[in-house]
Protein chains: 2
Amino acid sequence: MRPTKRDELVQKALKVFYQNGFNATGMDKLVAKTGISKTSMYKHFRTKDDLIIAVLRLRDEHFRNWLYRRMEELGETPEEQLIAMFDALEEWFAEAGYKGCMFIKASSEFQDASHPIHKQSADHKRMLETHMIGLAEKAELANPEVLARQLLLLKEGAIVTAHLGHTDNPAQDAKLAAAQLLDMHRQ
Amino acid sequence: MRPTKRDELVQKALKVFYQNGFNATGMDKLVAKTGISKTSMYKHFRTKDDLIIAVLRLRDEHFRNWLYRRMEELGETPEEQLIAMFDALEEWFAEAGYKGCMFIKASSEFQDASHPIHKQSADHKRMLETHMIGLAEKAELANPEVLARQLLLLKEGAIVTAHLGHTDNPAQDAKLAAAQLLDMHRQ
DNA sequence: TTTAAAATGTACAGATCGGTACACTTTGTC
DNA sequence: GACAAAGTGTACCGATCTGTACATTTTAAA
């Protein structure tokens, strides 16, 4: 099954939005950068917001798949995998063109909590939370929910800090903190 | 000394930008919301970007003053003050109209690291870092720099998470984690 | 090869963008 | 009360914004 024009559009729009921002990227620029006609775009998506939502859906899928897989590759036990999250993050931060978290940026540009794009971003974070709580439970750590949320606070902090770029290696700072927190939840 | 029109503009623009976003707020909207004529605006600031930079400067001053003062009020010793940061954050998150960190949002909309607005945001975070390292040193904690950066990761994470609003009380999750990390740095 | 669906190119509408021009009014100071 | 400085209102510039209309070409399946 060949990728449809729709998939191609979403994929390419993802790159442009990620590098340029949502409000800063007009539909004309999207035509220029993707080579897909505006008519075609508006046949697949009623509005720009709808396109952005599709982009975020794809990003959610890609990002969580990548993170979960990488955590499994880098850690044997659930406990190791939780820590390995920060090694995965370090790899991400080191990529050329790293520009922070797409969902944080989306919620920065669409601030109203009732906006579908904001909600979608919150959903992404919620799914990450569920997954990490599951891992903490599998690892039989004390207070798995609190611990998982704390590790995610470190993750979000590291993502933002890596983008602001005023600190050397936020991923490793976070990893060390995570390991210490995890130690205290071992029972 | 009465506040000048310039101060009034920066102050009011701050509120509008914070609630509406930077790119999403046009100069015409600023005229409408501040009651200051466009001619006057452009006499004080050459460009919109210059105005944004002035806004961020004011925000930096206000925010750091507020945070440092609140930390001193809520904690006796430097050690207590570091932990009290998260109580201060909780107060902030609870304010009506809380919309996250202005500098994270600025760096989300002006992503290029070489952009003056992005740099200004990084400067703000750097100044916070310096202050927290100083406190950690005063508290005679081990590895004051690493610890301070870790506490700030928790802070940024909590700010983002509070804005995404998918979690109950990120400030208290962060505070608990901070207290545990701090315990491990006591010598 | 016929035929319907999908995609294209282009031109445009109406609104808004950042920024300027210009004539006018208010304000504070001597 | 004169006078310069500061601020106002409005109309406008060219560019860009999201979204649409319409006639044409490409694609894919029968």
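Residues numbered from 1 in each chain as written. Chains lettered and ligands numbered in written order. Predicted model: local features only at pLDDT ≥ 70, side-chain atom pairs only at ≥ 80, totals over all residues. Heavy atoms only, no water.

(A) Layout of the overall build of chain A. A count of helical and extended segments in chain A gives nine helices and zero strands. For chain A, the N- to C-terminal ordering of α and β elements is α-α-α-α-α-α-α-α-α. Principal-axis analysis of the C-alpha atoms places the extent of chain A at approximately 60 × 35 × 35 Å. Taking all 187 residues of chain A together, 55% fall into the buried category. Look at the contacts in chain A between residues 6 or more apart in sequence, and 68% of them connect residues 24 or more apart. Total accessible area on chain A stands at roughly 8,500 Å², and carbon and sulfur atoms take up 48% of it. Positive and negative side-chain charges in chain A, numbering 26 and 27 respectively, have mean positions lying 11 Å apart. (Helix = DSSP H or I, 4+ residues; strand = E, 2+ residues; numbered from the N terminus. Buried < 20%, exposed > 50% of the residue type's maximum accessible area, 1.4 Å probe, protein only. Contact = heavy atoms within 4.5 Å. Areas by Shrake-Rupley, 256 points an atom, 1.4 Å probe, with all protein chains shown as cover. Lys, Arg positive; Asp, Glu negative; His and termini not counted. Charge placed at Lys NZ, Arg CZ, Asp CG, Glu CD.)

(B) Here's a closer look at the protein's contact with DNA strand C. Taken together, 16 residues sit near DNA strand C, with Thr39(A), Gly26(B), Met27(B), Lys38(B) and Lys48(B) positioned nearest. Atoms of DNA strand C within 4 Å of the protein: sugar and phosphate make up 52%, bases the balance. Here a phosphate oxygen of DNA strand C and a side-chain polar atom of Tyr42(B) are 3.1 Å apart. A distance of 2.4 Å is found between a phosphate oxygen of DNA strand C and a side-chain nitrogen or oxygen belonging to Lys48(B). Only helix H3 (38–44) of chain A together with helix H3 (38–44) of chain B provide two or more residues apiece to the surface near DNA strand C. (Near = heavy atom within 4 Å. Polar contact = N/O pair within 3.5 Å; in protein donor to acceptor, adjacent residues only side chain to side chain.)

(C) Looking closely at the relation of the copies chain A and chain B. For the match of chain A to chain B, the screw axis carries a shift of 0.0 Å, the RMSD comes to 0.0 Å, and the turn is 180 degrees. Look at the turn and shift together and you get a two-fold axis relating the two. Relative to the rotation axis, the C-alpha of Gly157(A) is the closest in chain A, positioned 2.0 Å from it. Of all interface residues in chain A, 100% are interface residues in chain B too; the two copies therefore contact each other through one and the same surface. (Least-squares fit on C-alpha atoms with pLDDT ≥ 70 in both.)

(D) Quick peek at the pattern of salt bridges. All names here are of chain A. A full pass over the atoms with the stated rule returns 30 salt bridges over all chains. When the shortest N-O distance is used, the salt bridge between Glu-8 and Lys-5 registers 3.8 Å. Of this pair, Glu-8 and Lys-5 both sit in helix H1 (residues 5–20), three residues apart, roughly one helical turn. A network of salt bridges, in which partner residues are shared, links Arg-69, Arg-70, Glu-73 and Glu-91. (Salt bridge = Lys/Arg side-chain N within 4 Å of Asp/Glu carboxyl O.)

(E) Spatial organisation of the protein's contact with DNA strand D. Surveying the vicinity of DNA strand D reveals 17 residues, the closest of which are Met27(A), Lys38(A), Lys48(A), Lys5(B) and Thr39(B). Protein-adjacent atoms of DNA strand D, using a 4 Å cutoff, are sugar or phosphate at a proportion of 51%. At 2.7 Å, a backbone N or O of Met27(A) approaches a phosphate oxygen of DNA strand D. At the level of elements, helix H2 (27–34) and H3 of chain A together with H3 of chain B are the ones that each hand at least two residues to the surface near DNA strand D. A class-by-class count of the residues in the surface near DNA strand D yields three nonpolar, nine polar and five charged. (Nonpolar A, V, L, I, M, F, W, Y, C, P; charged D, E, K, R; others polar.)

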